[in-house]
Amino acid sequence: MEKAILTCALTGVLTDPKQHPVPVTPAQMAAEAKAAFEAGASIMHVHIRRQEEGMGHMPSWDPEVVWEVTEAIRAACLGVIINLTTGVVGKDIAGPLACIRRVRPEIAACNAGTLNYLKIRSDGRWAWPPMVFDNPVDKVKAFLDVMHETGTMPEFECFDVGIVRSVAMFKKAGMTDHLDYNFVMGVDSGMPADAELLGWLRKQIDPGVTWQSTLIGRQEIWPVHQATADLGGMLRTGLEDTFYLPDGSRASGNGALIEALARCARNAGRDIASPAEARTRLGLRATA
């Protein structure tokens, strides 16, 4: 079986750094990336937070902040692959597009379909006001056009079964010449983190197409990580996705999570891919 490519999702979107130990500043992001890199992660999935005092829980689409953070990560992790977030609600995507053009990441997330993004508490109250994560085809195409311009590989984020089935249509429609799937599982109003479902999803894509799972949750997600490894997928975890290790204890940081993920790969008889090997497997440009 092929070597496992590991991705670390360093920080996520809205988690409050006052409540959870997520990195915010360029130095913090670089330190967390280095710990994950040394544990085996070749790819860093990067969200950027606002840098003003007290605003670290909010996303930033300032291209210069994005540049500063990604350059700090590259300096700390020689040969690392940057995977940049692009997710934004609404029609205005000028910020994410400007960031792609400024950073020219090797990979960028391309959210491949619309989802009612919901979570409800045990007492029946919404955890946040119900929202639509809107990703209609014209929005997807606008992202893909800029990714093509910058030589960035799209990673298609699939939150539900119908979105998975839509991605191949983008290629048939001439919107992209490359398919790479990320099965996002564990969002309450999307696909559950379920190993049987994962096996079915794997059958929906063509042989040889790269794929991974992003698993949102606590201790219960780790058997699905193992299933991903057993099925030959790429592997992802990090503080964006979970704070918990397989034994249910809280992770000290991204490094500990990637160490646990690497064990899943080795349990499946797979070695860990180096950044250079990951670039070759994914068809990415070489480092400068």
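Numbering of residues begins from 1 in every chain and follows the order in which that chain's sequence is written. Residue-level local features of this predicted model are given only where pLDDT is at least 70; pairs of side-chain atoms are given and counted only at 80 or more, and the full residue set underlies all totals for whole chains, interfaces and linings. The side-chain quantities take in all heavy atoms of the structure and omit both hydrogens and water.

Draft legend 1. Summary view of the packing of helix α1 (residues 26–39) against helix α8 (residues 254–267). Orientation is described by lines fitted to C-alpha atoms, with helices fitted over the stretch in contact, and by angles between N-to-C directions that extend from 0 to 180 degrees. The numbering of helices and of strands both runs from the N terminus, where a helix is a DSSP run of H or I of at least 4 residues and a strand a run of E of at least 2. Viewed as axis vectors pointing N to C, α1 and α8 meet at an angle of 20°, and their least axial separation amounts to 8 Å. Classified by the angle between their axes, α1 and α8 sit roughly parallel to one another. For the crossing formed where α1 meets α8, the hand is right-handed. Contact with α1, carried on its side by E32, A35, A36 and A39, involves N254, G255, I258, E259 and A262 of α8 and no other residues of that element. Polar here means any residue other than Ala, Val, Leu, Ile, Met, Phe, Trp, Tyr, Cys and Pro, which are nonpolar, and Asp, Glu, Lys and Arg, which are charged; Gly is therefore polar. Split by residue class, the contact of α1 with α8 holds five nonpolar, two polar and two charged. Any angle that is under 35 degrees is reported as roughly parallel, and any over 145 degrees as roughly antiparallel; angles of 65 to 115 degrees are reported as roughly perpendicular and all others as oblique. It is the rotation of the near helix from the far one that decides the hand of a crossing: anticlockwise by less than a right angle makes it left-handed, clockwise makes it right-handed. A contact between two residues is defined here by any heavy atoms of the two lying within 4.5 Å.

Draft legend 2. How the structure looks around the side chain of T152. Structurally, T152 can be placed in the loop between α4 (137–150) and β7 (153–158). Relative accessibility decides the category of a residue: with a 1.4 Å probe and only protein chains considered, values under 20% of the type maximum give buried, values over 50% give exposed, and everything between is partly exposed. For T152, a relative accessible area of 5% gives the class buried. Polar contact criterion, stated in full: a pair of N or O atoms within 3.5 Å, where within protein one must be able to donate a hydrogen and the other to accept it, and residues adjacent in sequence count only if both atoms are side-chain atoms. One polar contact links T152 to T150, side chain to side chain, over a distance of 2.8 Å.

Draft legend 3. How the structure looks around helix α5 (residues 161–172). The set of residues buried in α5 consists of I163, V164, V167 and F170. Projected down its long axis, α5 carries its buried residues within an arc of 105°, all on one side. Opposite the buried face of α5, by more than 90 degrees, sit the exposed residues R165, M169 and K172. Buried positions along α5 lie against α4, β7, β8 (180–185) and α6 (195–203). Once α5 ends, the next one or two residues include G174, with phi positive near 80°. Arc definition: it is the arc formed by the directions from the helix axis to the C-beta atoms.

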